[in-house]
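What follows is each chain in one-letter form.
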Amino acid sequence: AAAAAAAAAAAATAASRPASSAGAAVGSDAAAPPTSLPPSFRILIAEDNKVNQKVVVKVLQQICTVGVQVDVVENGVQVLKKLEEKTYDLILMDIHMPEMDGLEATRRICAKYPLHLRPRIVALSADTLQALHERCREAGIEEFIVKPFRVEDLKRIMRVCQHVVVRAPHPSPAPVSVPPHGSSTVLAS
């Protein structure tokens, strides 16, 4: 756990540098333009580690177009609650979280929402066991990114998302109270 926290802290430091040095540090192309996603694109990050939350948000700020909405929750229970409140296009799901892990949350999402109405789900995990990757696929997770991830890994996912038609129209925004442990960010320049 200490090694994972140290790696996440190193990634956060690299992500907070100007784009040219962050790109060099993590092997991404700093000159590449942001991924062109529609401004209404919504991403839900399910991650219990505060440092990892900040790293993922910071990287998304660097690689996504202005206006993409990012919400953060800490466990699978909060994921399910957020899906009751909003429609998301992508969930970046940690697998090992308290209260409800990412696998169980994914199973429940797949059981409740038909394919054309549910978000794409991508696992974020430090676990590299092939057996876990297989369990993720069985649960309904489409992709797997190993933490600490490279910026290019997240860019690849965003490129796939920009070529996929949004699965369901977003309902008109309604006033939503953010849970005390959740946060919401709209990416700006």
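Up top is the structure these notes are about.
Residues numbered from 1 in each chain as written. Predicted model: local features only at pLDDT ≥ 70, side-chain atom pairs only at ≥ 80, totals over all residues. Heavy atoms only, no water.

Counting 25 residues, the largest nonpolar core has Ile-43, Ile-45, Leu-60, Leu-90, Leu-92, Leu-154 and Met-158 as its most contacted members. Secondary-structure elements contributing two or more residues to this core are strand 1 (42-46), helix 3 (50-63), strand 2 (69-73), strand 3 (90-94), strand 4 (120-125) and helix 7 (151-162). Broken down by element, this core gets its largest block of residues, six residues, from helix 3. With sequence-adjacent residues up to four places away left out, Leu-92 is seen in contact with Ile-43, Leu-44, Ile-45, Ala-46, Val-56, Leu-60, Val-122, Leu-124 and Leu-154. Leu-44, Val-79, Leu-103 and Ala-105 belong to the second-largest nonpolar core, a separate cluster that totals 22 residues. (Core = buried A, V, L, I, M, F, W, Y, C linked by side-chain atoms within 4.5 Å. Buried < 20%, exposed > 50% of the residue type's maximum accessible area, 1.4 Å probe, protein only. Helix = DSSP H or I, 4+ residues; strand = E, 2+ residues; numbered from the N terminus. Contact = heavy atoms within 4.5 Å.)

Inspection of the secondary structure assignment puts Gln-78 in helix 4 (residues 76-85). From its side chain, Gln-78 meets the backbone nitrogen of Glu-74 in a polar contact 2.7 Å long. (Polar contact = N/O pair within 3.5 Å; in protein donor to acceptor, adjacent residues only side chain to side chain.)

What follows deals with unusual backbone geometry. Among all residues except glycine, the phi angle is most often negative; among peptide bonds, the trans geometry is most common. In this structure, Pro-148 follows Lys-147 across a cis peptide bond, with omega equal to -5 degrees. Note that Pro-148 resides in the loop between strand 5 (143-146) and helix 7. Positive phi is not limited to glycine here, since Glu-99 has a value of about 65 degrees. The topology assignment puts Glu-99 in the loop between strand 3 and helix 5 (102-112).

Per the counting criterion, the structure on display carries twelve salt bridges. Look at the salt bridges and you will find they share partners, linking Glu-47, Asp-94 and Lys-147 into a network. (Salt bridge = Lys/Arg side-chain N within 4 Å of Asp/Glu carboxyl O.)

Now for the side chain of Glu-74. Among the secondary structure elements, Glu-74 is positioned in the loop between strand 2 and helix 4. With relative accessibility at 14%, the residue Glu-74 sits in the buried group. Side-chain polar atoms of Glu-74 contact the side chain of Lys-50, separated by 2.3 Å.

This part takes up the pairing of strand 3. When you tally the buried positions in strand 3, you get five out of five residues, the bulk of the element. Neither face of strand 3 is open: one carries Leu-90, Leu-92 and Asp-94, the other Ile-91 and Met-93, and all of them are buried. Examined bridge by bridge, strand 1 and strand 3 share four bridges and lie parallel to one another. Directly across from Ile-45, in strand 3, lies its bridge partner Leu-92. By the bridge criterion, five bridges tie strand 3 to strand 4 in an arrangement that is parallel. (Pairing = 2+ DSSP bridges.)

Our focus in this paragraph is helix 5. Every buried residue of helix 5 is accounted for by Gly-102, Leu-103, Ala-105, Thr-106 and Ile-109. One face of helix 5 carries all of its buried residues, which in axial projection span an arc of 160 degrees. As for helix 5, its buried residues are in contact with helix 4, strand 3, strand 4 and helix 6 (130-139). The distance from a side-chain oxygen at the start of helix 5 to the backbone nitrogen of Leu-103 is 3.1 Å, and the residue carrying that oxygen is Asp-101. (Arc of directions from axis to C-beta.)

This paragraph deals with the packing of helix 4 against helix 5. The N-to-C vectors of helix 4 and helix 5 enclose an angle of 25 degrees; their axes lie 9 Å apart at closest approach. The orientation of helix 4 relative to helix 5 falls into the category roughly parallel. Handedness of the crossing formed by helix 4 with helix 5: right-handed. Contacts between helix 4 and helix 5 pair Gly-76, Val-79, Leu-80, Leu-83 and Glu-84 from the former with Ala-105, Arg-108, Ile-109 and Lys-112 from the latter. For the contact of helix 4 with helix 5, the per-class residue count stands at five nonpolar, one polar and three charged. (Axes fitted to C-alpha atoms, helices over the stretch in contact; angles between N-to-C directions. Parallel < 35°, antiparallel > 145°, perpendicular 65-115°, else oblique. Left-handed = near helix turned anticlockwise from the far one by under 90°. Nonpolar A, V, L, I, M, F, W, Y, C, P; charged D, E, K, R; others polar.)

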